[in-house]
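A look at the structure
Residue-level listing of the chains:
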Amino acid sequence: MKRTFVIATAAALLLSLHVAAQNAGPEAKTEIDIAVAAMGTAGLQSIQYSGTGSFYATGQAYEPGGPWPRYSVKKYTMLVNYTGLAMRQELVRIDDEKPPRGGGVGGYNPTTFQGGIRPAPGDMVENQNTDGHTDVGAVRMWLTPHGFLKGAAANAATAKTSTVHGKKFVSFTAFGKYSVTGTLNSQNLVEHVETLMDVAYTGDTLLEGIYSDYRDFGGVKCPMHIVMREGGYPTLDLAVAEVQPNSQAALDVRGSTSPAQGNVRAERQPEEIADGVWALTPGVEGSILVEFNDHVVIIEGPGNDAYTMATLAKVKKIAPDKPIRYVVNTHHHADHAGGLRAYVAEGIPIITHESHKKYYEEQIFKNPHSLNPDRLARAPRAPILETMKDKRVLTDASMTIELYLLRDHLHAVGLLVAYLPKQKLLIQADSYIPRPGAPPLPAPSPYTINLVDKVTRLKLDVTRVAHIHGGISPYSDLVAAAGR
Ligand SMILES: [Zn+2]
Ligand SMILES: [Zn+2]
């Protein structure tokens, strides 16, 4: 978490030094032209490069504000179509960190048996298309070394250059809000590109591309070592093995046509899964509502503003006269806490583990969201955060929730689980994922073992388990999965 600030501050410092000695207009254009010639960018319509290295799952750190968890990349290909304004990343990664720490394998996919719980067996295949006709897609393309110069040329009217300590900086502004800055080395090759981009959970977030070890491919220079970062931590570290300038495969790449996600979830109708307990988006990831006599408690605030507002509307229908006393946050991952800012905006108190306090107060609830202002950014409000240590009980005459810390859990520091004694129901996140149809894991996941052992130690009388990522299982399934 500290590192993020240091890097962000360093970037801000560079940008401010930058202003002191800048060239704009024709002089900036000349500097861009020199770099375009050095990189061989002018005639470059597309490029394809592949290699191996490491991938890191954003939003899934082990510790709040810590580095993203690492996966080995067996195969990586990037296809950038500068003519058709699209790019495609093809990635095959394996979960080989021992022991695994943090999240990042994604949901379980019943057609491929991929994802679910760590350590995830086998290859995880992930392909992603980016449409350069959208502002976010264009900025992502400009983070590539040649793309940066194409972006600078396309936005030459806003371009500025400067020299600081012998290093040349080129920056430009696009779409009236994105400031993209590149650093050129002594050969006028692009060695670093950075910009701020909106990430719903973390706000204006520093994205960087770091390019080194350049080689010449028929007049086009390409870095053989590529590091991408988000929020100061690596998301990709690639040793490039093959480069193909003007590749036909890259020219064939088009932007993504897949529909926006998220709406499907919000449209699901709530389902009462136990007496006074409602899955608000049954079958898929989402919040769970627990009704007390004169108030309600929501377990988990995933998603974003839209998901939280849809949740609050559903709660109002189920329990129109009962105020929401708390939202309980099981852990700090983006897919579990993305909707918390909206709860802060609504003035709803949050219960989370004490290890999360600093991260939430100093980053998540405080980060600027200037690129895409959310509810909290538009109407700032102080968060009401109640932290807990090992145990907290919420109870009245009709309902009891016992919250427990899963100590030493490898998925996330400060991971909480909820137990409802009257319903004999456990509500858990990321310690177990049902894998219907899949062969059993080669070995029980330490994540499931941690939960089952905790239940055993506490002598909790559990018959069923509701999963924040969707579905309900008999507790015996978890015991079997843990090999206990
Ligand atoms: Zn998680
Ligand atoms: Zn999760």
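Parameters and conventions
- Residues numbered from 1 in each chain as written.
- Chains lettered and ligands numbered in written order.
- Predicted model: local features only at pLDDT ≥ 70, side-chain atom pairs only at ≥ 80, totals over all residues.
- Heavy atoms only, no water.
- Domains from an automatic or database assignment.
- Contact = heavy atoms within 4.5 Å.
- Buried area = accessible area lost by both parts, 1.4 Å probe.
- Salt bridge = Lys/Arg side-chain N within 4 Å of Asp/Glu carboxyl O.
- Polar contact = N/O pair within 3.5 Å; in protein donor to acceptor, adjacent residues only side chain to side chain.
- Helix = DSSP H or I, 4+ residues; strand = E, 2+ residues; numbered from the N terminus.
- Nonpolar A, V, L, I, M, F, W, Y, C, P; charged D, E, K, R; others polar.
- Pairing = 2+ DSSP bridges.
- Axes fitted to C-alpha atoms, helices over the stretch in contact; angles between N-to-C directions.
- Buried < 20%, exposed > 50% of the residue type's maximum accessible area, 1.4 Å probe, protein only.

1. Quick look at the domain arrangement of the protein
What the domain assignment reports for the protein is domain 1 (2-251) and domain 2 (263-481). Look at where the C-alpha atoms of domain 1 and domain 2 centre, and you get two points 34 Å apart. Each side of the interface is counted separately: domain 1 has 32 residues, and domain 2 has 41 residues. Between domain 1 and domain 2 lies a buried interface of about 3,000 Å² when both sides are counted; carbon and sulfur atoms form 62% of it. Of all residues in domain 1, Pro-64, Ile-117 and Tyr-201 give up the largest surface area on contact with domain 2, accounting jointly for 27% of the area buried on that side. There are 0 salt bridges connecting domain 1 and domain 2. Applying the counting rule to domain 1 against domain 2 returns 21 residue pairs in polar contact (both at pLDDT 80 or more). Put simply, the parts of the chain that give the side of domain 1 that touches domain 2 at least two residues each are β9 (190-199) and β10 (203-217). The class makeup of the residues in the side of domain 1 that touches domain 2 is 17 nonpolar, 9 polar and 6 charged.

2. Quick word on the sheet that holds strand β11 (residues 220-230)
What the 12 strands build is an open sheet, ordered β1-β6-β7-β8-β9-β10-β11-β12-β2-β3-β4-β5; its pairing is antiparallel. Unpaired on one side and paired on the other, β1 (22-24) and β5 (124-131) mark the two borders of the sheet. The sheet shows a mean angle of 20° between the axes of neighbouring strands, taken without regard to direction. For strand β8 (residues 178-184) and β9, the ladder comprises 4 bridges, and the chain directions are antiparallel. Within β9, the residue paired with Leu-184 across the bridge is Val-190. Sheet strands touched by helix α3 (residues 135-142): β3 (70-81), β4 (86-94), β5, β7 (167-174), β8, β9 and β10. Its angle to β9, the strand with the most contacts, is close to 160°.

3. Structural notes on the environment of Val-136
Among the structural elements, Val-136 can be located in helix α3. Given the relative accessible area of 37%, Val-136 is considered partly exposed. Note: C-alpha distance between Val-136 and Phe-175 (39 residues apart in sequence) is 9.7 Å. Not counting residues within four places of it along the chain, the set of residues in contact with Val-136 comprises Tyr-178 and Met-197.

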